[in-house]
Amino acid sequence: MVFNICGIISADFLSGLVHWMADTWGSVELTVVGQAFIRPFREHHIDPTAITRHDFIETNGDNFMAIIPGLVYLLYFFRSNEYKIICLNYNWICYLFLLAIFVAMTNQIHQLSHIYGPLPVWILFLQDMHIILPRKHHRIHHISPHETYFCITTGWLNFPLEIIHFWSALELIIQSITGCKPRSDDLKWAQKGLGAPTLPNTLNHIEQAIPSH
Ligand SMILES: [Zn+2]
Ligand SMILES: [Zn+2]
């Protein structure tokens, strides 16, 4: 059980780490990485509901592909067909299995946190129980300048990481080493993409779109 929980926590941390990197560093103008990796995250701040119009493949394709190496590695244990090997590595297998499942579901969970129309009761239950990212919880990240609550799988780590100033400390360290400022091109890109005053309008839109659930 502990290893299952650790797998889910690791997935939540990875979601936060990847999200933080894309939100905080680099520019959409970078070749390849800028367009393929950074741009979708920055666009999501400008139009948070666009993700709700993505189909299943567009939402989950990248994450499903990302876990393929892990699943191949897991297959090694089951292909061996040796009960003893599986028993010896049981905790490790449980950890990887839950990690893979929650990494694969991260974008789907994130999408669900942006849907404010009717949702199946069991999804609402999972959100209310904080087993998957709750809508109200994720709303905190969408307040400009998007510098906290990056974890988007379960959101379990957001509060503890905020308490210890994890992301801001990491940003200070990186800034002191590289001289790069976090989120330096965020506003510039937003204004270029949708015209000033984009961010205030977007925030009003978010506030109006989110019920007080
Ligand atoms: Zn973000
Ligand atoms: Zn979001």
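Residues numbered from 1 in each chain as written. Chains lettered and ligands numbered in written order. Predicted model: local features only at pLDDT ≥ 70, side-chain atom pairs only at ≥ 80, totals over all residues. Heavy atoms only, no water.

A.B. asks: What's the story with the coordination of the zinc ion (ligand 1) in this structure? I'm lost.
C.D. replies: Each pair of donors in an ideal octahedron of six around a metal sits at 90 or 180 degrees, and each pair in an ideal tetrahedron of four sits at 109.5 degrees. Surrounding the zinc ion (ligand 1) are the protein donor atoms His 19 (NE2), Asp 23 (OD), His 45 (NE2) and His 141 (NE2), which sit 2.0 to 2.1 Å from the metal. Considering all four donor atoms around the zinc ion (ligand 1), angles at the metal cover 89 to 168° and the coordination shape is irregular. Its relative accessible area of 0% is what places Asp 23 among the buried residues. Exposure remark for His 141: the relative accessible area of 0% places this residue in the buried category. (Donors = N, O, S within 2.8 Å, 3.2 Å for Na, K, Ca; no water. Tetrahedral: all angles 85-135°; square planar, octahedral: opposite > 155°, others 65-115°. Buried < 20%, exposed > 50% of the residue type's maximum accessible area, 1.4 Å probe, protein only.)

A.B. asks: Please explain the packing of helix H1 (residues 2–24) against helix H2 (residues 33–46) as it appears in this structure.
C.D. replies: A pair of packed helices is characterised by two quantities: the angle between their axes and the separation of those axes. Where H1 meets H2, the axes come as close as 8 Å, and the angle between the chain directions of the two elements is 85°. As judged from the angle between their axes, H1 and H2 are roughly perpendicular. Taking contact as the criterion, the partners of Val 18, His 19, Ala 22, Asp 23 and Thr 24 in H1 are, on H2, Phe 37, Ile 38, Phe 41, Arg 42 and His 45. The residue inventory of the contact of H1 with H2, partitioned by class, reads five nonpolar, three polar and two charged. (Axes fitted to C-alpha atoms, helices over the stretch in contact; angles between N-to-C directions. Helix = DSSP H or I, 4+ residues; strand = E, 2+ residues; numbered from the N terminus. Parallel < 35°, antiparallel > 145°, perpendicular 65-115°, else oblique. Contact = heavy atoms within 4.5 Å. Nonpolar A, V, L, I, M, F, W, Y, C, P; charged D, E, K, R; others polar.)

A.B. asks: What am I meant to see in a nonpolar patch on the surface here?
C.D. replies: Nonpolar side chains collect at one region of the surface, where Val 18, Met 21, Leu 30, Val 32, Val 33 and Phe 37 lie side by side and expose about 490 Å² of accessible area between them. For the nonpolar patch, the secondary-structure elements that each account for two or more residues are H1 and H2. If you trace the backbone, Val 18 turns up in helix H1. (Patch = residues over 30% accessible without salt bridge, like charges linked within 9 Å, V, L, I, M, F, W, Y side chains within 5 Å. Areas by Shrake-Rupley, 256 points an atom, 1.4 Å probe, with all protein chains shown as cover. Salt bridge = Lys/Arg side-chain N within 4 Å of Asp/Glu carboxyl O.)

A.B. asks: Can you help me understand the UniProt feature "transmembrane region" (unreviewed entry) in the chain in this one?
C.D. replies: Here the UniProt-annotated "transmembrane region" (unreviewed entry) positions come out as residues 63–78 and 90–109. From the first C-alpha to the last, residues 63–78 spans 23 Å; its make-up is 94% helix and 0% strand. End C-alpha atoms of residues 90–109 are separated by 27 Å, and the span's content is 100% helix alongside 0% strand. (UniProt positions renumbered as here; feature names shortened; annotations may be inferred.)

A.B. asks: What is the right way to look at the coordination of the zinc ion (ligand 2) in this model?
C.D. replies: Taken together, His 44 (NE2), His 110 (NE2), His 114 (NE2), His 138 (NE2) and His 142 (NE2) make up the protein donors of the zinc ion (ligand 2), found 2.0 to 2.2 Å from the metal. Taken in sequence order, the residues that donate to the zinc ion (ligand 2) follow the motif H-x65-H-x3-H-x23-H-x3-H. With His 114 in the loop between helix H6 (90–112) and helix H7 (121–128) and His 142 in the loop between helix H8 (135–139) and helix H9 (158–163), this residue pair connects regions lying 28 residues apart in the sequence. Overall, His 142 belongs to the buried group, its relative accessible area being 3%.

A.B. asks: I'm lost on the environment of Leu 161 in this one. Help?
C.D. replies: Within the secondary structure, Leu 161 sits in helix H9. On the basis of relative accessibility, which here comes to 9%, the residue Leu 161 falls in the buried class. When residues no more than four places from it in sequence are discounted, the contact partners of Leu 161 are Phe 13, Cys 151, Phe 166 and Trp 167.

A.B. asks: What's the story with the side chain of Ser 15 in this structure? I'm lost.
C.D. replies: Within the element layout of this structure, Ser 15 appears in helix H1. From its side chain, Ser 15 meets the backbone oxygen of Asp 12 in a polar contact 2.6 Å long. When neighbours within four sequence positions are excluded, Ser 15 is seen to be in contact with Thr 106, Phe 150, Cys 151, Ile 152 and Thr 153. (Polar contact = N/O pair within 3.5 Å; in protein donor to acceptor, adjacent residues only side chain to side chain.)

A.B. asks: Looking at this structure, I do not really get the packing of aromatic side chains. What am I missing?
C.D. replies: By convention here, two paired aromatic rings are described through the distance between centres and the angle between planes. Applying the stated criterion across every chain, the model contains 10 aromatic pairs. Both rings, one in Phe 13 and one in Trp 167, keep their centres 6.3 Å apart while their planes meet at 15°; by these two values the pair is stacked. Residue Phe 13 is found in helix H1, and its partner Trp 167 is found in helix H10 (residues 166–178); the two are separated by 154 residues along the sequence. Given the relative accessible area of 28%, Phe 13 is considered partly exposed. Look at Tyr 73 and Trp 92: their rings are 6.5 Å apart centre to centre, the planes differ by 75°, and that puts the pair in the edge-to-face class. Placement of Tyr 73 in helix H4 (residues 68–80) and of Trp 92 in helix H6 is noted, with a sequence separation of 19 residues between them. Given the relative accessible area of 39%, Trp 92 is considered partly exposed. An aromatic cluster of three or more residues is present, and its members are Phe 13, Trp 20, Trp 25, Phe 150, Phe 166 and Trp 167. (Phe/Tyr/Trp six-rings, centres within 6.5 Å; stacked < 30°, edge-to-face > 60°.)

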